[in-house]
Amino acid sequence: RRRELTNFEYLLAVNFLAGRTINDITQFPIFPWVLADYTSETLDFTNEAQTFRDLRLPVGVGGPNSANRKDEVAMRYDEMREMGDEPFHYFTHYSSPAVALYFLIRVEPFTTGQLLLQGGRFDWADRMFHSFPASWKGVTSNIQDVKELVPHCYFFPEMFQNGNSVEFGPKQDKENMTDVVLPPWANGSSHQFVQIMREALESEYVSSNLHHWVDLIFGHKQRGSAAAESCNLFHPHTYEPNVNGQGHLPPAMVEEPHLRTEVI
């Protein structure tokens, strides 16, 4: 509120208090997508509607087709409830070991971790992290892709460079996957890209709206009716009480504000 702490430091603190750490791939820190424009030559931070993501919405219903995506996941939720199943909006989650490995695949130990995840070989190049604009298009067009970012996107330009010359294989266009394709406003520089991403994270728009995203990920909209109304409920197995032997605890039916994010 008083602007005495950067948004980056604040998010790290919130993640730490939620039990998240870079030392545990299953509880890796979560950072938000804050920009929504990955096609322009330059960014205009004064044009908030064009440049920034709506932080009031989960990434699963964000983007240019927000209304249609929200209707789609709400319809799924209602159909499941009518059938007597425990309703939720998404089959996947915004944070998982696979998400951390996806973004950090070009640097160790995450390169090796990705190989272990895939049984000793890399996935198809088109399905790996090859383009930042393509990744944003994925989370705003496919309701099965709802991943948020990792903190490294805001301070670690090396994650976008294939500095270890790893052979990931060719994409469908026959081009080998190597460095991450960046948006035009980065001018081909991963350092400039990270600098602008960090500027966006510390912008007045994000400072004034970040609490909405924190409510979704770490606050009262994680569970219960507030989560249902916000289209922010995930598969029951991503909630700790459903997998740790403590019994069945439907997230849509129980009000438990201020729980830490619990992801297997």
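Our structure's up above, just so we're on the same page.
What counts and what doesn't
- Residues numbered from 1 in each chain as written.
- Predicted model: local features only at pLDDT ≥ 70, side-chain atom pairs only at ≥ 80, totals over all residues.
- Heavy atoms only, no water.
- 1 Å grid on protein atoms, 1.4 Å probe; cavity = no way out; pocket = protein on both sides within 12 Å on 5 of 7 lines; lining within 4 Å.
- Points joined across faces, edges and corners; volume = space filled by probe spheres on them.
- Helix = DSSP H or I, 4+ residues; strand = E, 2+ residues; numbered from the N terminus.
- Nonpolar A, V, L, I, M, F, W, Y, C, P; charged D, E, K, R; others polar.
- Contact = heavy atoms within 4.5 Å.
- Phe/Tyr/Trp six-rings, centres within 6.5 Å; stacked < 30°, edge-to-face > 60°.
- Buried < 20%, exposed > 50% of the residue type's maximum accessible area, 1.4 Å probe, protein only.
- Lys NZ or Arg CZ within 6 Å of the ring centre and 35° of its normal.
- Polar contact = N/O pair within 3.5 Å; in protein donor to acceptor, adjacent residues only side chain to side chain.
- Core = buried A, V, L, I, M, F, W, Y, C linked by side-chain atoms within 4.5 Å.

**Observations regarding the layout of surface pockets**
Approximately 540 Å³ is the volume found for the largest pocket. For the largest pocket, the lining is made up of 23 residues, of which Y102, R127, M128, D145 and K147 are closest to its centre. At the level of elements, helix 4 (97-103), helix 5 (110-117) and helix 6 (132-139) are the ones that each hand at least two residues to the lining of the largest pocket. Looking at the lining of the largest pocket residue by residue, the class counts come to nine nonpolar, nine polar and five charged. Taken as a whole, the second largest pocket spans an internal volume of roughly 370 Å³.

**Structural notes on the side chain of H152**
Summarising the element assignment, H152 is placed in the loop between helix 6 and helix 7 (190-201). Filtering out sequence-adjacent residues up to four positions away, H152 remains in contact with I22, F28, L104 and M159.

**Brief notes about the packing of aromatic side chains**
Summed over all chains, the structure comprises 28 aromatic pairs. Their ring planes at 65° and their centres at 6.2 Å tell us that F129 and F160 sit as a pair that is edge-to-face. Taken together, the positions of F129 in the loop between helix 5 and helix 6 and F160 in the loop between helix 6 and helix 7 put the pair 31 residues apart, joining distant regions of the chain. Both residues of the pair, F129 and F160, belong to the buried class. Following the ring pairs from residue to residue traces out a cluster consisting of W33, Y38, Y102, F103, F129, F132, W136, F160, W185 and F193. In this structure, K147 packs its charged tip against the face of Y102, placed 4.4 Å from the ring centre. The positively charged end of R198 is found above the aromatic ring belonging to F8, 4.0 Å away from the centroid.

**Comments concerning the environment of R53**
Relative to the elements of secondary structure, R53 occurs in the loop between helix 2 (48-51) and helix 3 (66-82). With 160 residues separating them along the chain, R53 and W213 place their C-alpha atoms 11 Å apart. The contact partners of R53, leaving out residues within four places of it in the chain, are P32, W33, V34, L35, A36, P58, V59, W136, E148, Y205 and W213. Only 3.1 Å separates the side chain of R53 from the backbone oxygen of W33, close enough to count as a polar contact.

**Digging into the environment of E82**
Assignment of secondary structure puts E82 in helix 3. For the pair E82 and G219, spaced 137 residues apart in sequence, the C-alpha separation works out to 28 Å.

**Brief notes about the nonpolar core**
What tends to happen in soluble globular proteins is that the nonpolar side chains get buried as a cluster. Membership of the largest hydrophobic core comes to 66 residues, with the highest contact counts inside it found for F132, F160 and M197. Sorting the residues of this core by element identifies helix 1 (7-17), helix 3, helix 4, helix 6, helix 7, helix 8 (204-217) and helix 9 (224-229) as the ones contributing at least two each. Examining the composition of this core, we find that seven residues originate from one element, helix 8, more than from any other. If we ignore the near neighbours within four places in the chain, the residues touching F160 are R106, F129, F132, C153, D179, V180, L182, S190, F193 and V194. Within the second largest apolar cluster, seven residues are counted, among which are A125, V166, F168 and M177.

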